[in-house]
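What follows is the residue order along each chain.
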Amino acid sequence: MNTFNLYMDEIPAGFGTGDDEFSEVQFRLVPASEDDGNPEEQAVLAGLDIYDLLELRNAIQEIVDIIATASLDPQFAEQMSQDMEDDQG
């Protein structure tokens, strides 16, 4: 089964000064078979198979849904957050 390495690159956002300079974050997936870097030391996550990627996508989507819902209905978002904690515990 193919595996992938997930990298997080910081890119200067071009605004802010000195200590207050901001960075943007960009994520990229690299097939392990094509990765000529050092994923064990540089990748955020290494050796992800398709099932891991699907679980990661679902977890991120849950968080995005909670954040988006919180602006519309704080009580519903709180209940979703509590349900997620109950599922993990």
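Parameters and conventions
- Residues numbered from 1 in each chain as written.
- Predicted model: local features only at pLDDT ≥ 70, side-chain atom pairs only at ≥ 80, totals over all residues.
- Heavy atoms only, no water.
- Phe/Tyr/Trp six-rings, centres within 6.5 Å; stacked < 30°, edge-to-face > 60°.
- Lys NZ or Arg CZ within 6 Å of the ring centre and 35° of its normal.
- Helix = DSSP H or I, 4+ residues; strand = E, 2+ residues; numbered from the N terminus.
- Contact = heavy atoms within 4.5 Å.
- Polar contact = N/O pair within 3.5 Å; in protein donor to acceptor, adjacent residues only side chain to side chain.

Focus on the packing of aromatic side chains
Here a ring pair, both rings aromatic, is described through the centre-centre distance and the interplanar angle of the planes.
Consideration 1: All chains considered together, the criterion is met by 0 aromatic pairs.
Consideration 2: It is R28 that lies over the ring of Y7; its NZ or CZ is 4.4 Å from the centre.

Focus on the environment of Y7
Consideration 1: Tracing the sequence through the fold places Y7 in strand 1 (residues 4-12).
Consideration 2: Y7 sits 36 residues away from A43 along the chain, and the two C-alpha atoms are 4.7 Å apart.
Consideration 3: Each residue touching Y7, except ones within four places of it in the same chain, is listed here: Q26, F27, R28, V30, D35, N38, P39, Q42, A43 and V44.
Consideration 4: A polar atom in the side chain of Y7 sits 2.5 Å from the side chain of D35.

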